[in-house]
Amino acid sequence: MEALAGHRFFAYEGRIGGKTRIVVKKRKPLVADALSPVYLVGAGPGDPELLTVKALRLLGEADVVVYDRLVSEEVLALIPSGATRIFAGKVARHHYMPQAEINELLVGLARSGRKVVRLKGGDPFVFGRGGEEAARLAESGIPFEVVPGVTSASGCSAYAGIPLTHRGLAHSVRYVAGYTQEGEIIDLNWASLADPDTTLVIYMGRTNVRRLGEQLIAHGLSAETPAAAILNGTRPDQRTVVTTLTFLADRVEALNVAAPTLLVIGRVVSLAEVLAWYAPDSADHDDPGTSKVP
Ligand SMILES: C[S@@+](CC[C@H](N)C(=O)[O-])C[C@H]1O[C@@H](n2cnc3c(N)ncnc32)[C@H](O)[C@@H]1O
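Note that the coordinates shown come from a computational prediction; the quantities given were computed from them, not determined experimentally.

Now for helix α8 (residues 209-218). Here α8 has its buried residues at Val209, Leu212, Gly213 and Leu216. The buried residues of α8 occupy one face: seen down the axis, they fall within an arc of 95°. The inward-facing, buried residues of α8 abut α7 (190-193), β11 (198-203), α9 (245-253) and β14 (261-265). The first or second residue beyond α8 is Gly220, which carries a positive phi of 110°.

The structure is reproduced here in structure tokens:
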């Protein structure tokens, strides 16, 4: 007898009516078969039109959506009114649902038999802790699928008119986290980051912007290197500050708006002057949202 492991059916040689026959039977569903997968879905940086077709379909079919604070209002508006929304982001000033609690929430919701979408800003697997959530689901025997999203590096830089690579300006790009969960600056390999041929995209870098700039210059990156801070990228209130590494910290610290902020450092930033195409329809039409260093 040979069971076809991993399939919904299994076959074996059996005797029927005194003759040897191949018998095919449906196997009993495993617990995992009975459950809908949990979908770890990337919501992109904000513009709802940057959602993938798959993300949009899954949102429309969801019973429950567990979402982060970085998911834009416009994307949240696409959740059907009948679906339950659970906010797993900031629950009070500077307090967040701990990751372990989110993991258990996902496991519990999946076991309740509902179709769960875990909606995360950008891409779930880029500084999104999607890997930890997927690992916990796997450990619990719960099926899951990952739907990649437009990460803010590509979304925000595209909307700011900054190609991350460009012939003659940058032949590589690095995504860097400028902040740790505990609020300590990450012990980065400054010497390897201070490469004029590489574009640095720094997520969560606003708090440590001064130290980031100082360290890069101390390790040999020119103080004249073009640098940008993109706030609320791809959203109607996107704002881009274009400057140089010398002035980046001053310019960012002078901004008195709380907003998700992406830092881009490298020669490619100079292209924004010509390529910045996105003019958000903001209230102030005199300010296209791009300011340059004097
Ligand atoms: C915890 S990380 C999440 C990254 C996300 N998974 C992604 O792929 O974009 C949060 C950081 O992403 C960046 N970010 C996300 N959305 C952004 C946006 N719309 N504009 C600017 N930066 C953004 C900021 O640096 C923010 O501090």
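The buried fraction of β14 amounts to 5 of the 5 residues, a majority that puts the element mostly inside the structure. The alternating pattern of β14 places Thr261, Leu263 and Ile265 and Leu262 and Val264 on opposite faces, both of which are buried. Bridge count between β11 and β14: 3 bridges; the pairing is antiparallel. Residue pairing for β14: Ile202 is matched across the bridge by Leu263. Sheet topology note: the strand β12 (residues 226-231)/β14 ladder contains 5 bridges and is antiparallel. Looking at β14, one finds that Leu231 is bridged to Thr261.

Quick look at the site of the ligand now. With respect to spatial proximity, 23 residues lie near the ligand, and among them Gly122, Gly128, Thr151, Ser152 and Gly233 are the closest. Secondary-structure elements contributing two or more residues to the shell around the ligand are α6 (152-159) and β14. Here the shell around the ligand is composed, by residue class, of 10 nonpolar, 10 polar and 3 charged. Each of domain 2 (35-150) and domain 3 (153-292) accounts for three or more of the residues forming the shell around the ligand.

Let's shift gears to the sheet that holds strand β4 (residues 64-67). With respect to topology, 5 strands assemble into an open sheet ordered β5-β4-β8-β3-β9, the strand pairing being parallel. Bordering the open sheet on either side are β5 (84-87) and β9 (144-147), each of which pairs with just one other strand. Averaged over all neighbouring strand pairs, the angle between strand axes comes to 20°, with direction disregarded. In the sheet, strand β3 (residues 38-42) pairs with β9 via 4 bridges, with the strands oriented parallel. Its bridge partner lying in β9, Val41 is registered against Val147. This element, helix α2 (residues 53-61), spans β3, β4, β8 (116-120) and β9 of the sheet and lies at about 130° to β3. In the packing of helix α4 (residues 99-111) onto the sheet, the strands contacted are β3, β4 and β8, and the crossing angle to β8 comes to about 155°.

Criteria and cut-off values
Residues numbered from 1 in each chain as written. Predicted model: local features only at pLDDT ≥ 70, side-chain atom pairs only at ≥ 80, totals over all residues. Buried ≥ 20, exposed ≤ 12 C-beta atoms within 10 Å, placed from the backbone. Helix = DSSP H or I, 4+ residues; strand = E, 2+ residues; numbered from the N terminus. Arc of directions from axis to C-beta. Contact = placed C-beta atoms within 7 Å. Pairing = 2+ DSSP bridges. Near = placed C-beta within 6 Å. Nonpolar A, V, L, I, M, F, W, Y, C, P; charged D, E, K, R; others polar. Domains from an automatic or database assignment. Axes fitted to C-alpha atoms, helices over the stretch in contact; angles between N-to-C directions.

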